[in-house]
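Now for the letters of each chain:
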Amino acid sequence: MQNSTHHVVSLIERLGRIARGVQHSEGMKPAQWEALRFLSRANRYSRNPGALADFLTSTRGTVSQTLITLEKKGYVLRKINPGDGRGKHLELTDAGREAVERDPMRKIESAVAALGEDRVLAEKLKSILGELISDSGCKGFGVCEHCIHFCANGAAADINGPHRCGLSGDPLDHNEVVRICREHQEIAA
Ligand code: SF4
């Protein structure tokens, strides 16, 4: 059992190294690709430097350097946050979205896809990740469907609905509910 555990941990470590290696691409570093990927998947409450730092488990200073590089490349725009007028809101530019289409992690995705869909493996990896996140006190992130604050069809009559976030009170459309959120709180099993 112990050997099998060590073997799995060793495989995860090796996969992590390979995943980082393939992301030294187009003159970019893994953290820069991770930031682009995050911004392409994050919801409106999470497209900001603080949430990006939480997701990358990095410092604000390091994330700031990453964003400066991505801005210089024309991939990211920093705007005043429309929510409170103080913080910064991040958006991908068209060039940033095109870069995400060339994401070098697609090589890994192809290798995983070649195995066929495996929900058991996905659930086990999710469980390991959840435990490590909980131990480290990091933000979990997740989508609305599995969040305690999600009110399905809670804004059925609203043009920006039909769903609602119970935490912010905002209506959510179908595109928004599949995006990852910093405020997500997993429904207890
Ligand atoms: S329902 Fe949960 S995951 Fe969805 S926007 Fe609200 S806090 Fe975020």
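As shown above, the structure is provided for reference.
Residues numbered from 1 in each chain as written. Predicted model: local features only at pLDDT ≥ 70, side-chain atom pairs only at ≥ 80, totals over all residues. Heavy atoms only, no water.

Q: Please explain the site of the ligand as it appears in this structure.
A: Close to the ligand lie Asn 43, Tyr 45, Cys 144, Cys 147, His 149, Phe 150, Cys 165, Cys 181, Glu 183 and His 184, which account for all nearby residues. The residue makeup of the shell around the ligand, split by class, is six nonpolar, three polar and one charged. (Near = heavy atom within 4 Å. Nonpolar A, V, L, I, M, F, W, Y, C, P; charged D, E, K, R; others polar.)

Q: Sorry, what's going on with the sheet that holds strand S5 (residues 171-172) here?
A: Hydrogen bonds between backbone atoms are what pair the strands of a sheet, whose relative direction is either parallel or antiparallel. Taken in spatial order, the three strands make up an open sheet running S3-S4-S5, and their pairing is antiparallel. The open sheet has two edge strands with one neighbour each: strand S3 (150-151) and S5. Here S3 runs beside strand S4 (residues 163-165); their pairing, made up of two bridges, is antiparallel. Residue pairing across strands places Phe 150 opposite Cys 165, the latter belonging to S4. (Pairing = 2+ DSSP bridges. Helix = DSSP H or I, 4+ residues; strand = E, 2+ residues; numbered from the N terminus.)

Q: When you look at the packing of aromatic side chains in this model, what are you seeing that I'm missing?
A: Geometry of an aromatic ring pair is reported as the spacing of the ring centres plus the angle between the planes. For the coordinates displayed, the defined rule picks out three aromatic pairs. An angle of 35 degrees between the planes, with centres 4.8 Å apart, marks the rings of Phe 38 and Phe 55 as tilted. Of this pair, Phe 38 sits in helix H2 (residues 30-41) while Phe 55 sits in helix H3 (residues 49-56), placing them 17 residues apart in sequence. Exposure remark for Phe 38: the relative accessible area of 2% places this residue in the buried category. Classification of Phe 55 by relative accessible area gives partly exposed; the value is 33%. On the basis of an interplanar angle of 85 degrees and a centroid distance of 5.1 Å, the ring pair of Phe 55 and Phe 141 is categorised as edge-to-face. Taken together, the residues span a long stretch of sequence, with Phe 55 in helix H3 and Phe 141 in the loop between helix H7 (119-136) and S3 at a distance of 86 residues. Aromatic rings pair up to connect Phe 38, Phe 55 and Phe 141 into one cluster. (Phe/Tyr/Trp six-rings, centres within 6.5 Å; stacked < 30°, edge-to-face > 60°. Buried < 20%, exposed > 50% of the residue type's maximum accessible area, 1.4 Å probe, protein only.)

Q: For this particular structure, what's the right way to read the packing of H3 against helix H4 (residues 60-72)?
A: Each pair of packed helices can be described by the angle between their axes along with the distance between the axes. Closest axis-to-axis distance for the H3/H4 pair is 9 Å, and the angle between their directions is 110 degrees. One element, H3, and the other, H4, form an angle in the roughly perpendicular class. Across from Pro 49, Gly 50, Leu 52, Ala 53 and Leu 56 in H3, the residues of H4 making contact are Arg 60, Val 63 and Leu 67. A per-class count over the contact of H3 with H4 returns six nonpolar, one polar and one charged. (Axes fitted to C-alpha atoms, helices over the stretch in contact; angles between N-to-C directions. Parallel < 35°, antiparallel > 145°, perpendicular 65-115°, else oblique. Contact = heavy atoms within 4.5 Å.)

Q: Any chance you could explain the nonpolar core here in plain terms?
A: One recurring pattern in soluble globular proteins is that nonpolar side chains are buried together. By size, the foremost hydrophobic cluster in this structure holds 22 residues, and its most contacted members are Leu 36, Phe 38, Leu 52, Leu 70, Tyr 75 and Val 76. Apart from residues no more than four positions distant in its own chain, Leu 36 is found in contact with Met 28, Leu 70, Tyr 75, Val 76, Leu 92, Ala 99 and Val 100. (Core = buried A, V, L, I, M, F, W, Y, C linked by side-chain atoms within 4.5 Å.)

Q: Sorry, what's going on with the packing of H2 against H3 here?
A: Viewed as axis vectors pointing N to C, H2 and H3 meet at an angle of 120 degrees, and their least axial separation amounts to 11 Å. Considering the angle they form, H2 stands oblique to H3. Classified by chirality, the crossing of H3 by H2 is right-handed. On H3, the residues touching Ala 31, Glu 34, Ala 35 and Phe 38 of H2 are Ala 51, Leu 52, Phe 55 and Leu 56. For the contact of H2 with H3, the per-class residue count stands at seven nonpolar, no polar and one charged. (Left-handed = near helix turned anticlockwise from the far one by under 90°.)

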